[in-house]
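Chain by chain, the residues run as shown.
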Amino acid sequence: MTSIYRSPSGRDAVRRWCAERLGAWPVPHDREVFEANGAKTHVVVAGSGDTTVVVVPGTNFNAATVLPLATALARRYRTVLADVPGQPGLSSGERGLAQGRLGWYGTWLCEVVEACLSGSGPVVVLGHSFGAAIALSSASVRVDGQVLVSPGGLTRLRLTPGVLCASVAWLAAPRPRHSARLLRTMYADGGTPRTELVDWMTLVARHARSSGAPGLATVPDRPVPRRVVTGEHDVFLPPRRLEAAVHRRLGVELGVIEGAGYLVIEEEPDLVADLVDLVAH
């Protein structure tokens, strides 16, 4: 099976970056590695409380890249941050584990939840983008609620000329200015990406092969309380595009976070953490 990394040295650079960011995170935490659905899986566990929140990041993101959100969550809940196999990070870097099937990731998430349970308190899965599509594809009976932020898996992403141009430049010439330009398309107007994210995206473009859109999720019949939100200025899943799909596929109303873009988890981490309360109680 081939690797998502262009070279062993590139793989090591990506993993070193993640380990250094986690090592510098001031929130007390533990790191665990186990096998889920046959794939090496790395998670970070922080915080405490009866409720466990399992965070599943989106494409090209992982535990080390979502620390502002993790900090907001760990103040209130036991928080588990999972690196998705097949994405850059500290989990398996094998390409083709899922063979393009969201169902494989749904099973993977079931096993992650089982491996990370602590006590009998409620479990909420918080997924962003591709991570939300994974959450939607999971039939875990241990999950008591879902928070889905800019969820993939419900409808096709919108790809504007601006996003396409920024993506081509980012891949063709991996430099910080091109990474910053691409990230700015994911924020609301005027948003400034963190330096750490700019560095990360530059590293990914240099050393990894990005995956594409996840396709449509097959949502299990088991009813789960859900909160589904997107940013007012989400470039990939604007409210007008996502609203009908959320209502039709999930039977809930779409929440719109004013003044936010696609990276709601970066722009409004405390507000996203608030949503967990609404499905956990």
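Quick notes on the rules
- Residues numbered from 1 in each chain as written.
- Predicted model: local features only at pLDDT ≥ 70, side-chain atom pairs only at ≥ 80, totals over all residues.
- Heavy atoms only, no water.
- Helix = DSSP H or I, 4+ residues; strand = E, 2+ residues; numbered from the N terminus.
- Buried < 20%, exposed > 50% of the residue type's maximum accessible area, 1.4 Å probe, protein only.
- Pairing = 2+ DSSP bridges.
- Right-handed = clockwise from strand over helix to strand, strands pointing away.
- Core = buried A, V, L, I, M, F, W, Y, C linked by side-chain atoms within 4.5 Å.
- Contact = heavy atoms within 4.5 Å.

Draft legend 1. Representation of unusual backbone geometry in the model. Residues other than glycine seldom take positive phi values, yet Ser129 does so here, at roughly 60°. Considering the arrangement of structural elements, one finds Ser129 in the loop between strand E5 (123-128) and helix H4 (130-136). Even without being glycine, Ser150 reaches a positive phi, approximately 45°. Its location among the elements puts Ser150 in the loop between strand E6 (145-149) and helix H5 (161-172). Ser150 sits in the buried class, given a relative accessible area of 0%.

Draft legend 2. Geometry of the pairing of strand E3 (residues 52-56). Most of E3 sits out of view: five of its five residues are buried. Where burial is concerned, the two faces of E3 agree: the one with Thr52, Val54 and Val56 and the one with Val53 and Val55 are both buried. Here E3 pairs with strand E4 (residues 78-82) via four bridges, running parallel. Looking at E4, one finds that Thr52 is bridged to Arg78. Each parallel crossover has a hand, and for E3 linked through helix H2 (residues 67-74) to E4 it is right-handed.

Draft legend 3. Spatial organisation of the nonpolar core. Within the largest apolar cluster, 102 residues are counted, with the highest numbers of intra-cluster contacts made by Trp108 and Leu109. When residues of this core are assigned to their parent elements, the largest contribution, eight residues, is made by helix H3 (residues 102-116). Those residues in contact with Trp108, other than ones at most four positions away along the chain, are Ala36, Asn37, Thr41, Val56, Ala82, Asp83, Val84, Pro85 and Ile134.

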